[in-house]
Amino acid sequence: MDGTKVPPRSAAVELAGLLDSPEIGRLITELEETRWTGRPGYPLRAMVGMALAKSMYSIPTWTRAVALVHEHAALREAIGGSGEPPSHWACYRFARKLRAYSDLLDACIARVLDRLRDERPEFGRDLAIDASDLPAYANGQRYLSKNGPERKRFPDPDASWGHRSAVSTRKGGGFYGFKVHAAICARTDLPVAWQVETAGSHESNYVASLLDVARSRGFAADTTALDMGYDNNRVYAECEDRDSRPIIPLRETVGVKRGDHRPPECEHGTWTFAGSDHSRGASKWRCPTGECKPASRWIKADRLHPLVPRETKRWKSLYRGRGSVEREFGRLKNEWALLPLRVRGIERVRLHADLTILAKLGCALARERATVTCAA
Ligand SMILES: [Zn+2]
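This section reports on the structure supplied with the text. Quick caveat, the model's predicted, so the values are computed rather than measured.

## Some remarks on the environment of Ala 136
Step number 1: The residue Ala 136 is located in the loop between β1 (126-135) and β2 (160-164) in this model.
Step number 2: For the pair Ala 136 and His 352, spaced 216 residues apart in the sequence, the C-alpha separation amounts to 13 Å.
Step number 3: Contacts of Ala 136, omitting those with residues within four sequence positions, involve Ala 159, Tyr 176, Gly 177, Phe 178 and Leu 341.

Rendered as structure tokens:
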């Protein structure tokens with residue numbers, strides 16, 4: 001993404017642009033139509049504005065987001081409140097309303113993704129799937145104190161202990177909370193599907209549902225890159241069933257130690273890859289000199305012999321694309337305030353993730369449009 005053509009815009013201007021965009025404007029209108037009677041509330045544009053500002057300014061809590069808007073005239077103007085900006089109580093009520101109308105929020109996210117695909121036709125063609133830790137806003141320690149009694153109540157009943165792998169900046173280990181599972185576009189680094197689950201459940205259980213959500217949003221990915229933690233027969237089948245080629249490195253299983261995954265060999269040397277037939281579900285391999293009879297044969301695709309063989313340049317380049325998912329988790333956590341969590345309960349954490357990613361995608365779309373306008 002070449003951002004250099006775009007003049008820097010203030011976040012307040014960017015926020016006003018998002019609220020005025022047809023994709024998010026429709027969410028505001030649809031929420032207005034559901035407005036419950038009785039309590040006179042703040043304009044919904046201001047409430048959606050508060051929710052997006054929270055992510056754009058990387059603010060973990062509603063209380064601090066409200067304080068920022070109070071002090072910031074340009075922001076107040078952007079969210080369009082002529083009177084007092086919303087209170088943090090109004091924000092809590094709004095969050096509850098959004099959870100109740102999650103279908104409207106989902107539809108808004110789908111609209112933004114749709115427009116992004118119009119701008120970038122390659123968007124979502126190659127996906128990378130992974131999971132990342134979201135430590136809970138709660139204490140998961142088993143004991144109340146060292147050598148003390150066992151804790152009876154956990155403040156977040158939906159959180160659980162899970163394991164995270166090491167990254168460059170910290171060690172791996174156990175953590176208490178949730179995991180966000182996501183399918184990221186390897187070419188644009190933008191999320192197309194995501195799902196928050198309790199930390200204790202294994203990541204390989206969510207590949208099928210992530211690919212299904214991606215497909216329901218119009219992303220039929222040619223390939224899906226995953227790390228070795230996803231290397232099992234079920235994940236291969238789930239990707240192939242959805243017509244997406246799995247790109248996964250091999251774990252050292254018994255068959256791999258035996259060399260079952262290696263290409264065929266003959267007296268003339270190691271056979272070479274000669275293309276795959278997706279409808280047939282097999283790859284073709286050829287004797288290096290062509291002297292064998294027959295000189296080539298088909299190998300049925302499975303975990304050991306995927307349709308994009310691990311020996312090929314294409315596989316290596318697609319697997320490098322997996323870096324996109326780690327980069328995007330880093331950005332969402334550090335620049336868009338996906339962390340630290342300051343809500344408890346999986347439904348609230350899910351809403352928080354949805355709003356964070358919507359803000360990010362909305363800004364990406366606004367920048368795409370600005371680039372097109374500047375270039376024209
Ligand atoms: Zn041969």
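## Here we look at the nonpolar core
When a protein is soluble and globular, its nonpolar side chains tend to lie buried together.
Step number 1: Counting residues in each nonpolar core, the largest one holds 89 residues, and the members touching the most others are Leu 15, Leu 52 and Phe 178.
Step number 2: Here the element with the most residues in this core is helix α13 (residues 346-375); it accounts for 13 residues.
Step number 3: When neighbours within four sequence positions are excluded, Leu 15 is seen to be in contact with Gly 49, Leu 52, Ala 53, Met 56, Leu 75, Ala 78 and Ile 79.

## Some points on the coordination of the zinc ion
Step number 1: Every protein donor of the zinc ion is accounted for by Cys 266 (SG), His 268 (ND1), Cys 287 (SG) and Cys 292 (SG), and the metal-donor separations fall at 2.0 to 2.3 Å.
Step number 2: Geometry at the zinc ion is tetrahedral, judged from its four donor atoms and the angles of 101 to 117° they form at the metal.
Step number 3: Expressed as a motif, the donor residue spacing for the zinc ion is C-x1-H-x18-C-x4-C. Residue His 268 is located in the loop between β7 (265-266) and β8 (269-270), and its partner Cys 292 is located in the loop between β10 (282-286) and β11 (296-300); the two are separated by 24 residues in the primary sequence.
Step number 4: Owing to a relative accessible area of 25%, His 268 belongs among the partly exposed residues under this scheme.

## Re the pattern of salt bridges
Step number 1: Across all of its chains, the model carries 28 salt bridges by this definition.
Step number 2: For Asp 227, the salt bridge identified is with Arg 322, shortest N-O distance 3.8 Å. Of the two residues, Asp 227 is situated in the loop between β5 (223-225) and α9 (233-241) and Arg 322 in the loop between α11 (313-320) and α12 (323-334); the sequence distance between them amounts to 95 residues. Each of the two residues, Asp 227 as well as Arg 322, counts as buried.

## Comments concerning the sheet that holds β10
Step number 1: As summarised here, the arrangement of the three strands in space is β9-β10-β11, forming an open sheet in which the pairing is antiparallel. Each edge of the open sheet carries a strand with a single partner, namely β9 (272-277) and β11. In this sheet, neighbouring strand axes are inclined to one another by 30° on average, regardless of whether the strands run parallel or antiparallel.
Step number 2: Examined bridge by bridge, β9 and β10 share four bridges and lie antiparallel to one another. Among the inter-strand pairings, Asp 277 is bridged to a residue of β10, identified as Ala 282.

## Digging into the pairing of strand β4 (residues 191-198)
Residues in a regular strand point their side chains to alternate faces of the sheet.
Step number 1: The buried fraction of β4 is high, at seven of eight residues.
Step number 2: As paired elements, strand β3 (residues 173-185) and β4 share seven bridges and run antiparallel to each other. Bridge pairing in β4 links Val 180 to Val 196.
Step number 3: Where β3 folds back onto β4 in an antiparallel hairpin, the turn is made up of five residues, including Asp 189, whose phi is positive at roughly 65°.

## Considering helix α8 (residues 207-216)
What sets the pattern is the α-helix's 3.6 residues per turn: residues three or four places apart point alike.
Step number 1: Looking only at α8, the buried set comprises Val 207, Ala 208, Leu 210, Leu 211 and Ala 214. Projected onto a plane normal to the axis of α8, the buried residues spread over an arc of 165° and lie on a single side.
Step number 2: Of the surrounding elements, those touching the buried residues of α8 are β1, β3, β4, β5 and α9.
Step number 3: Backbone geometry just after α8 places Gly 218 at a positive phi near 90°.

## Considering the side chain of Lys 54
Step number 1: Among the secondary structure elements, Lys 54 is positioned in helix α3 (residues 44-56).
Step number 2: Despite its burial, Lys 54 pairs with no opposite charge; the closest candidate is Asp 354, at 13 Å N-O.
Step number 3: When near neighbours in sequence (up to four residues on either side) are disregarded, Lys 54 contacts Ile 59, Pro 60, Thr 61, Trp 62, Ala 65, Ala 337 and His 352.

## So, the packing of aromatic side chains
Step number 1: Counting across every chain of the model gives five aromatic pairs.
Step number 2: Considering the side-chain rings of Trp 315 and Tyr 319, the 5.2 Å spacing of their centres and the 10° angle between planes classify their relative orientation as stacked. In this pair, Trp 315 and Tyr 319 both sit in helix α11, four residues apart, roughly one turn of the helix.
Step number 3: A residue is classified by how much of its surface remains accessible, and Trp 315, at 9% relative accessible area, is buried.

## Concerning unusual backbone geometry
Step number 1: Each neighbour pair has its own omega, and for Lys 293 with Pro 294 the value is -5°, a cis peptide bond.
Step number 2: Following Leu 339, the chain continues to Pro 340 via a peptide bond in cis, the omega torsion being -5°.
Step number 3: On the secondary structure map, Pro 340 appears in the loop between α12 and α13.
Step number 4: Non-glycine residue Asp 189 carries a positive phi angle of around 65°.

## Some thoughts on the packing of α3 against helix α6 (residues 88-100)
Step number 1: Here α3 crosses α6 at 90°, and the two axes come no closer than 10 Å. For the element pair α3 / α6, the angle class is roughly perpendicular. Where α3 approaches α6, its residues Leu 44, Met 47, Val 48, Met 50 and Ala 51 are matched on the opposing element by Ala 90, Cys 91 and Phe 94.
Step number 2: Its residues assigned to classes, the contact of α3 with α6 comprises eight nonpolar, no polar and no charged.

## Thoughts on the side chain of Lys 360
Step number 1: By secondary structure assignment, the location of Lys 360 is in helix α13.
Step number 2: When neighbours within four sequence positions are excluded, Lys 360 is seen to be in contact with Leu 190, Glu 328, Arg 331, Leu 332 and Trp 336.

## Section: the environment of Gly 290
Step number 1: Along the polypeptide, Gly 290 turns up in the loop between β10 and β11.
Step number 2: Counting along the chain gives 81 residues from Gly 290 to Ser 209, while the straight-line C-alpha distance between them is 44 Å.

About the cut-offs
- Residues numbered from 1 in each chain as written.
- Predicted model: local features only at pLDDT ≥ 70, side-chain atom pairs only at ≥ 80, totals over all residues.
- Heavy atoms only, no water.
- Helix = DSSP H or I, 4+ residues; strand = E, 2+ residues; numbered from the N terminus.
- Contact = heavy atoms within 4.5 Å.
- Core = buried A, V, L, I, M, F, W, Y, C linked by side-chain atoms within 4.5 Å.
- Buried < 20%, exposed > 50% of the residue type's maximum accessible area, 1.4 Å probe, protein only.
- Donors = N, O, S within 2.8 Å, 3.2 Å for Na, K, Ca; no water.
- Tetrahedral: all angles 85-135°; square planar, octahedral: opposite > 155°, others 65-115°.
- Salt bridge = Lys/Arg side-chain N within 4 Å of Asp/Glu carboxyl O.
- Pairing = 2+ DSSP bridges.
- Axes fitted to C-alpha atoms, helices over the stretch in contact; angles between N-to-C directions.
- Arc of directions from axis to C-beta.
- Lys, Arg positive; Asp, Glu negative; His and termini not counted.
- Phe/Tyr/Trp six-rings, centres within 6.5 Å; stacked < 30°, edge-to-face > 60°.
- Parallel < 35°, antiparallel > 145°, perpendicular 65-115°, else oblique.
- Nonpolar A, V, L, I, M, F, W, Y, C, P; charged D, E, K, R; others polar.

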